[in-house]
Amino acid sequence: MKISTFCKYIDQPMILNKLDQKMPALLIGVGGAYGIADYFQNSEKGKKQAKQKFIQNAIVISSTIGASLLGTRGLKIGNKKIFSGLMERVHFSELQKIQSDSVDKFLQTNKIRDNNILQALETARLKELSPRQIDILKDKLPESPAKQELFSVILPEKKNLNSKEIFSEIKRLSLLGLIPVLGGVFGGIVADKVSHMNGKKRTINKIKEGLYQYLANIFLCNVGAGSALFLSEKLEKAKKIKPLTPMRKLAVILTGITATGIIGGSYIANFVSKKLINPLFGEKRNSKGIYSERRPEALDIALHADDIATAGILSGFKWIDPALPFMYFISGYRAGIGYRNAEAKIDKTGW
């Protein structure tokens, strides 16, 4: 299978719609599996402690997932929309109608006798095309405005974002990342109260970890990606650099993520925690090193997988969008448990 065909296949509106529909079940399944596994892992410490952590995990995981789904999908009670989500959503039956109408319009002005083409077009009405059918339509349909119009619906091209759209996407992605982190912090505070483990130190740790996750793993990476892409496009227009191909654009975005997020994000998050959060809650400023409470570790690097998602979205790939809630889930959970490296040496769960 050609790479271009594969990219077309996974970026089909029908595929994106199915991914979006399955995301709540996927999030709940993964979160529930982790909660159960953590319960058995801690059962050796005693049934009471294991049960307590199970309740805490259940609340944090539920609040993180709930906040993420509300942020992406919005809230509708009955037939009244309370607020809209941050991701565009089309009902599957509506999408089928849109694609069927597009195929009908194409066939009204184009006489097609090739059975393979006709079969592919019939498939496009109600479900996704196979890679083979995509190649048939791409290769056998003659180029024309009608073909371009049809493809804009059933096989849309990657969108090249302009400067304004770049920062609009950065804003949207940053909000999508912030919501589960806030949900995790809120759930963690509630979990502490329910399990009678609430205390000032535990609350502060949740706020600090929420700040760390958002700045180091989400926001600053998004800013770095958007700024690098914005600057490179300005240089391209001024003919200072070669035209940006999709791969060059991806490389530029990842460079911005590395410089602003991965390298600088953890330092800035720790600096803000020490200089602002601690005094705000009446704690003494920690005179130890900047990473004495929270240093970057392997899982934090793994969490930068969502930065690949950011890069993909800014590069025009659409299939990543429905997966964003899943990618931001770990950041929300870690904020909810108030994870700190130094304390996790004693309790690996972070509680």
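Residue positions are counted from 1 within each chain, in the order its sequence is given. Only residues with pLDDT of at least 70 get local features here, since the model is predicted, and only at 80 or more are side-chain atom pairs given and counted; chain-wide, interface and lining totals rely on the full set of residues. Excluding hydrogens and water, the side-chain values take into account all heavy atoms of the structure.

## Here we look at the overall build of the chain
The numbering of helices and of strands both runs from the N terminus, where a helix is a DSSP run of H or I of at least 4 residues and a strand a run of E of at least 2. Across its full length, the chain carries 15 helices and two strands. Burial classes: relative accessible area under 20% of the type maximum marks a residue as buried, over 50% as exposed, and values in between as partly exposed (1.4 Å probe, protein chains only). Counting every position in the chain, which comprises 351 residues, the buried fraction comes to 47%.

## Some thoughts on the packing of aromatic side chains
Aromatic pairs are defined between Phe, Tyr and Trp rings, using the six-membered ring for Trp, whenever the two ring centres lie within 6.5 Å; interplanar angles under 30 degrees are classed as stacked, those over 60 as edge-to-face, and all others as tilted. A complete count under the given rule lists five aromatic pairs for this structure. Between the aromatic rings of Y214 and F219, the centroid separation amounts to 5.6 Å while the plane-to-plane angle is 20°, which identifies the pairing as stacked. Owing to a relative accessible area of 15%, Y214 belongs among the buried residues under this scheme. On the basis of an interplanar angle of 15° and a centroid distance of 6.4 Å, the ring pair of Y267 and F271 is categorised as stacked. With a gap of four residues between them, Y267 and F271 both fall in helix α11 (residues 265-280), about one helical turn apart. Taken together, Y39, F40 and F54 form an aromatic cluster joined through their ring pairs.

## Quick word on the pairing of strand β1 (residues 74-77)
Pairing analysis gives four bridges linking β1 to strand β2 (residues 80-84), with the strands arranged antiparallel. The residue of β2 that forms the bridge with G74 is S84. We call two strands paired when DSSP finds no fewer than two bridges between them. Hairpin connection of β1 to β2: two residues between the antiparallel strands, including G78 at a positive phi of 65°.

## Some points on helix α3 (residues 47-73)
Between the first and last residue of a helix there are one fewer steps than residues, each counted as 1.5 Å, and that sum is the expected span. Over its 27 residues, α3 extends 38 Å from the first C-alpha to the last, a length consistent with the 39 Å expected when each residue adds 1.5 Å. Of the residues one or two after α3, G74 is the one with positive phi, at around 80°.

## Things to note about the confidence of the model for the chain
A low pLDDT score tells you not to read the predicted coordinates there in detail. Looking at any residue, its pLDDT shows the predictor's confidence there, from 0 to 100. Taken residue by residue, the chain gives an average pLDDT of 83. The fraction at 70 or more is 87%. Mean pLDDT across the elements of the chain ranges from a minimum in helix α12 (residues 298-303), with 56, to a maximum in helix α5 (residues 115-126), with 96.

## Here's the deal with helix α9 (residues 200-237)
Turn by turn, an α-helix covers 3.6 residues, leaving residues three or four places apart pointing in a common direction. Between the first and last C-alpha of α9 there are 53 Å, a value that for 38 residues agrees with the 56 Å anticipated at 1.5 Å per step. Note that the bend at a residue is defined as the angle between axes fitted to the seven residues ending at it and the seven residues starting at it. Its axis deflected by about 45° at L215, α9 carries its strongest bend there. Looking one or two places after α9, you find K239, whose phi comes out positive at around 60°.

## Here's the deal with the environment of K274
Along the chain, K274 turns up in helix α11. Owing to a relative accessible area of 5%, K274 belongs among the buried residues under this scheme. When the C-alpha positions of K274 and I290 are compared, they lie 7.8 Å apart, and in sequence the two are 16 residues distant.

## Considerations on a nonpolar patch on the surface
On the surface, I36, F40, F54, I55 and V194 cluster together into a nonpolar patch covering about 450 Å² of accessible area. Within the element layout of this structure, F54 appears in helix α3. Like charges within 9 Å and nonpolar side chains (Val, Leu, Ile, Met, Phe, Trp, Tyr) within 5 Å are joined into patches, using only residues over 30% in relative accessible area that form no salt bridge. All accessibility values rest on the Shrake-Rupley procedure with a 1.4 Å probe; residue burial counts only the protein chains present in the view. Whenever Lys or Arg places a side-chain nitrogen within 4 Å of a carboxyl oxygen from Asp or Glu, that contact is recorded as a salt bridge.

## Observations regarding the environment of V153
Turning to its location among the elements, V153 is positioned in helix α7 (residues 145-154). Between the C-alpha atom of V153 and that of V103, which follows or precedes it by 50 residues, the distance is 9.2 Å. With residues near it in sequence (within four places) discarded, V153 still touches P13, I98, Q99 and S102. The contact rule is simple, with two residues in contact once any of their heavy atoms fall within 4.5 Å.

## A word on the nonpolar core
The criterion is simple. A nonpolar core is a set of buried Ala, Val, Leu, Ile, Met, Phe, Trp, Tyr and Cys residues joined through side-chain atoms within 4.5 Å. Core analysis: the largest hydrophobic core is formed by 16 residues, its most contacted members being I117, L121, L129, L137, L141, L150 and I154. Mapped onto this core, the elements with two or more residues apiece are α4 (92-109), α5, α6 (131-140) and α7. In this view, L121 contacts V103, F106, L107, L137 and L150; residues no more than four positions away in its chain are not counted. Core analysis: the next-biggest nonpolar cluster, separate from the first, contains 12 residues, L27, I61, A191 and I337 among them.

## With respect to the packing of α9 against helix α14 (residues 324-337)
Where helices are involved, their axes are fitted lines through C-alpha atoms of the stretch in contact, as for all axes, and angles between N-to-C directions lie from 0 to 180°. At a minimum axis separation of 6 Å, α9 and α14 run at an interaxial angle of 155°. For the element pair α9 / α14, the angle class is roughly antiparallel. Residues K206, E209, G210, Q213, N217, I218 and N222 of α9 form the contact with α14, whose own contacting residues are Y328, S331, R334, A335, G336 and I337. Three classes are used, and their members are as follows: Ala, Val, Leu, Ile, Met, Phe, Trp, Tyr, Cys and Pro are nonpolar, Asp, Glu, Lys and Arg are charged, and the others, Gly among them, are polar. In terms of residue class, the contact of α9 with α14 is made up of four nonpolar, six polar and three charged. Every angle not falling under 35 degrees, over 145, or within 65 to 115 is termed oblique; those three ranges are roughly parallel, roughly antiparallel and roughly perpendicular.

## A closer look at the pattern of salt bridges
Applying the stated criterion across every chain yields a total of 12 salt bridges. The partner of K105 in a salt bridge is E149, and the shortest N-O contact between them spans 2.6 Å. Of this pair, K105 sits in helix α4 while E149 is found in helix α7, placing the two residues 44 residues apart along the sequence. On the accessibility criterion, E149 (39% relative accessible area) is partly exposed. If you follow the salt bridges from partner to partner, you end up with D104, E122 and R125 in one network.

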